[in-house]
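Structural overview for review
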Number of protein chains: 2
Amino acid sequence: MKKYLVTGIGGFVAYHFLERLNEFGEKAEVLGLDLKISQEAKEYSFENIKLNFIELNLLEYRALEIAMVSFSPDFIVHLASFSSVGKSWEMPLESFLNNTNIFLNIAEIVRHNKINCRILSVGSSEEYGNVKESSLPLKEDTLLHPANPYAVARVSQEMLSKCYVDAYKLDIILTRSFNHIGTRQRTDFAIPSFAKQISEGVKQGLREIKLITGDITVIRDFIDVRDVVNAYFALLKDGKSGELYNVCSGKGHSLKDVVDLLAKIFGVQVITETDPKRVRPLDNRIIIGSFDKIKAHTGWEPKFKLEESLKAVVKNV
Amino acid sequence: MKKYLVTGIGGFVAYHFLERLNEFGEKAEVLGLDLKISQEAKEYSFENIKLNFIELNLLEYRALEIAMVSFSPDFIVHLASFSSVGKSWEMPLESFLNNTNIFLNIAEIVRHNKINCRILSVGSSEEYGNVKESSLPLKEDTLLHPANPYAVARVSQEMLSKCYVDAYKLDIILTRSFNHIGTRQRTDFAIPSFAKQISEGVKQGLREIKLITGDITVIRDFIDVRDVVNAYFALLKDGKSGELYNVCSGKGHSLKDVVDLLAKIFGVQVITETDPKRVRPLDNRIIIGSFDKIKAHTGWEPKFKLEESLKAVVKNV
């Protein structure tokens with residue numbers, strides 16, 4: 001029975017990860033860590049998964065060390081992250097600590113205690129930063145220009161991972177994961193926020209709904225969270241240690257496209273209004289990735305179309 | 001009267017910084033911070049400097065904030081660093097925290113409290129990592145390949161600095177400072193360690209002295225600490241905010257060259273023996289910098305030759 005240590009167990013990616021793990025049919029053991037485990041998470045029930053939780057702060061080295069040594073995982077799926085770009089501008093310190101430093105604690109504990117496991121180190125498409133259109137779609141060897149504190153934290157995590165692989169022979173697979181889309185994502189992210197705002201308008205019987213947004217002209221590579229977790233399983237199985245993989249759809253859509261699709265799915269008119277507070281400093285204009293490398297190494301490719309992903313979000317809003 | 005907040009006040013660079021500041025003849029006020037202030041530092045006496053000390057851990061945000069707001073510096077000269085590459089392999093976590101995280105605390109405190117000051121953010125030639133000989137001498141726009149935890153920490157600090165300059169308009173000058181050489185450097189660094197070992201042999205009356213070393217074939221750009229602090233004053237005065245400057249001699253010498261020069265200065269025979277424990281994983285073979293940019297922007301250039309620097313070290317060993 002394989003043992004998975006999953007950080008950020010209360011997050012939406014972790015939920016989809018557990019759901020997929022359960023579908024495999026093999027029995028698995030999961031220890032889920034989070035700062036605070038919600039009642040909802042505590043009630044997760046998956047017939048093939050023996051699931052336990054510990055509430056702890058990943059910045060507390062000793063507490064984390066005790067949990068990791070006690071559980072002795074085969075895989076560490078490190079999903080915990082302060083992952084909002086917007087909030088990283090407000091709280092750069094917290095963003096850095098809760099990305100780079102928590103990863104560093106995990107790597108150090110694995111090294112010190114010689115825990116024999118494979119680590120999935122999740123990074124972000126934000127690491128690429130402001131790129132020229134000529135370098136699209138972004139491949140893993142594209143030069144990085146991280147342009148916000150969250151992106152810097154992720155690049156730092158990646159550079160540290162490489163030291164741990166090269167010098168200490170830790171088994172780490174690195175990803176640059178692109179913008180997730182899917183059910184259970186918190187509504188401080190753009191798409192769930194849009195879906196919720198429109199849904200509330202629909203409940204009030206409005207035919208024309210006003211949506212408060214940030215800059216919706218930016219183009220992103222949105223990938224269904226179910227594709228993301230499939231990629232993570234593919235990488236845990238067939239990824240090469242020390243290698244870096246884009247996890248992306250390979251397609252670019254503006255947030256305006258998303259709004260238009262949501263309007264279509266809900267069957268309403270949507271008028272957007274830009275809230276200057278939601279426009280971030282130095283935002284990247286366009287991000288589209290290439291998934292050639294992960295496909296070549298693992299056979300993985302994305303399955304869900306943007307409209308299917310949005311329909312799932314709308315159904316569960 | 002200008003006010004300088006100097007972190008790492010007990011270190012050898014800080015001593016030379018104070019000495020130079022004193023020589024300018026203008027009255028200045030310095031608040032020196034360090035984890036532990038040595039008795040020796042407490043007895044520093046410079047006629048033109050009003051010097052105070054506070055013992056604090058730069059990782060303690062609130063303590064640091066109180067000190068910085070109370071003092072209200074015109075310049076922050078951030079010299080504190082866990083700067084040993086060798087030790088960063090043994091203690092990557094401490095290395096990262098005591099480079100990147102302490103810098104981030106300083107930048108956050110300046111931002112939050114709107115402290116109107118210029119910050120000197122010191123980085124390292126180690127950031128360049130393993131480079132091809134064809135890219136020597138290294139210019140500031142050379143692609144970085146940080147190859148040890150200390151180097152990663154410095155690159156992270158640099159990327160964070162850029163965010164603070166671009167988005168928050170902090171006034172930060174960045175350096176990549178090359179290998180320092182000079183009096184008062186701790187003997188866990190190679191050159192003072194060599195000088196001390198040879199000096200002890202000389203005291204014992206030996207004519208042939210055995211020296212325990214790491215890999216002495218690596219080539220480094222050694223720069224006299226007096227040149228370094230001159231560069232820092234030049235940058236505080238004429239450096240451009242957000243710009244990055246190599247602080248280097250522009251010349252490469254192997255550690256073997258250094259050993260040979262030391263043997264010549266002491267007038268003894270030196271036989272070297274490699275201690276495998278002192279050979280670092282993944283070490284950079286050759287590092288030589290270009291000082292064209294700092295010279296163009298400030299007029300600074302290095303003055304001391306390697307042999308002069310070594311003579312100063314030997315005189316004070």
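A few points on the structure.

All names here are of chain B. Where helix H9 (residues 255-266) contacts helix H11 (residues 306-315), the two axes come as close as 10 Å, and the packing angle between them is 60 degrees. Here H9 is positioned oblique relative to H11, judged by the angle of their axes. Our pair here, H9 against H11, has a crossing hand that is right-handed. Where H9 approaches H11, its residues Val258, Leu261, Leu262, Ile265 and Phe266 are matched on the opposing element by Leu306, Glu307, Leu310, Lys311 and Val314. Looking at the contact of H9 with H11, its residues break down into eight nonpolar, no polar and two charged.

Moving on to the sheet that holds strand E4 (residues 75-78) of chain A. Residues and elements named next belong to chain A. Spatially, seven strands are ordered E3-E2-E1-E4-E5-E6-E11 in an open sheet, and the strand pairing comes out parallel. What marks the edges here is a single partner per strand, and that holds for strand E3 (49-55) and strand E11 (244-247). Neighbour-to-neighbour, the strand axes of this sheet turn through a mean angle of 20 degrees, independent of strand direction. The pairing of strand E1 (residues 2-7) with strand E2 (residues 28-34) spans six bridges and is parallel. Among the inter-strand pairings, Lys3 is bridged to a residue of E2, identified as Glu29. Strands in contact with helix H6 (residues 149-168) are strand E5 (118-124), strand E6 (171-177) and E11; relative to E5, the strand with the most contacts, it is inclined by about 150 degrees. Running at roughly 140 degrees to E5, helix H8 (residues 225-238) makes contact with E4, E5, E6 and E11 of the sheet.

This paragraph deals with the interface of chain A and chain B. Accessible area lost when the parts come together is the quantity often used to give the size of an interface. Taken together, the contact pairs 21 residues of chain A with 21 residues of chain B. Only helix H5 (92-112) and H6 of chain A provide two or more residues apiece to the side of chain A that touches chain B. A per-element tally of the side of chain A that touches chain B places H6 of chain A first, with nine residues. Here the side of chain A that touches chain B is composed, by residue class, of 15 nonpolar, four polar and two charged.

So, on to the environment of Val317 of chain B. Residues and elements named next belong to chain B. Looking at the element boundaries, Val317 is found in the segment after H11. Taking the C-alpha atoms as reference points, Val317 and Thr187, 130 residues apart in sequence, are found 9.6 Å from one another. If sequence neighbours within four positions are ignored, Val317 has contacts with Ala195, Lys196 and Ser199.

Turning our eyes to something else, we now look at the pairing of strand E2 (residues 28-34) of chain B. All names here are of chain B. Counting buried positions along E2 yields six of seven residues, so the element is predominantly enclosed. In this fold, the crossover linking strand E1 (residues 2-7) to E2 by way of helix H1 (residues 12-23) has right-handed handedness. Pairing analysis gives seven bridges linking E2 to strand E3 (residues 49-55), with the strands arranged parallel. Paired with Ala28 across the bridge in E3 is Ile49.

As a further point, take the pairing of E1 of chain A. Examined bridge by bridge, E1 of chain A and E4 of chain A share four bridges and lie parallel to one another. When the sheet's bridge partners are listed, Val6 of chain A is paired in E4 of chain A with Val77 of chain A.

Before going further, it helps to examine H5 of chain A. Residues and elements named next belong to chain A. If you check H5, its first and last C-alpha atoms are 29 Å apart, about what 21 residues at 1.5 Å a residue would give, namely 30 Å. For H5, the principal kink sits at Asn98 and spans about 30 degrees. Extensive coverage of H5 is indicated by the burial of 16 of its 21 residues. Phi turns positive one or two residues past the end of H5, at Lys114, with a value near 50 degrees.

Another point: the relation of the copies chain A and chain B. The operation relating the pair of chain copies consists of a rotation about an axis and a translation along that axis. Aligned on chain B, chain A shows an RMSD of 0.0 Å; the corresponding rotation is 180 degrees and the shift along the axis is 0.0 Å. Such a combination of turn and shift is consistent with a two-fold rotation axis. For chain A, the smallest separation between a C-alpha atom and the rotation axis is recorded for Ser156 of chain A, amounting to 2.8 Å. Comparing interface residues between copies, 100% of those in chain A also sit at the interface in chain B, which points to an isologous, same-surface contact.

Rules used throughout
Residues numbered from 1 in each chain as written. Chains lettered and ligands numbered in written order. Predicted model: local features only at pLDDT ≥ 70, side-chain atom pairs only at ≥ 80, totals over all residues. Axes fitted to C-alpha atoms, helices over the stretch in contact; angles between N-to-C directions. Helix = DSSP H or I, 4+ residues; strand = E, 2+ residues; numbered from the N terminus. Parallel < 35°, antiparallel > 145°, perpendicular 65-115°, else oblique. Left-handed = near helix turned anticlockwise from the far one by under 90°. Contact = placed C-beta atoms within 7 Å. Nonpolar A, V, L, I, M, F, W, Y, C, P; charged D, E, K, R; others polar. Pairing = 2+ DSSP bridges. Buried ≥ 20, exposed ≤ 12 C-beta atoms within 10 Å, placed from the backbone. Right-handed = clockwise from strand over helix to strand, strands pointing away. Expected span 1.5 Å × (residues − 1). Bend = angle between axes of the 7 residues up to and from the residue. Least-squares fit on C-alpha atoms with pLDDT ≥ 70 in both.

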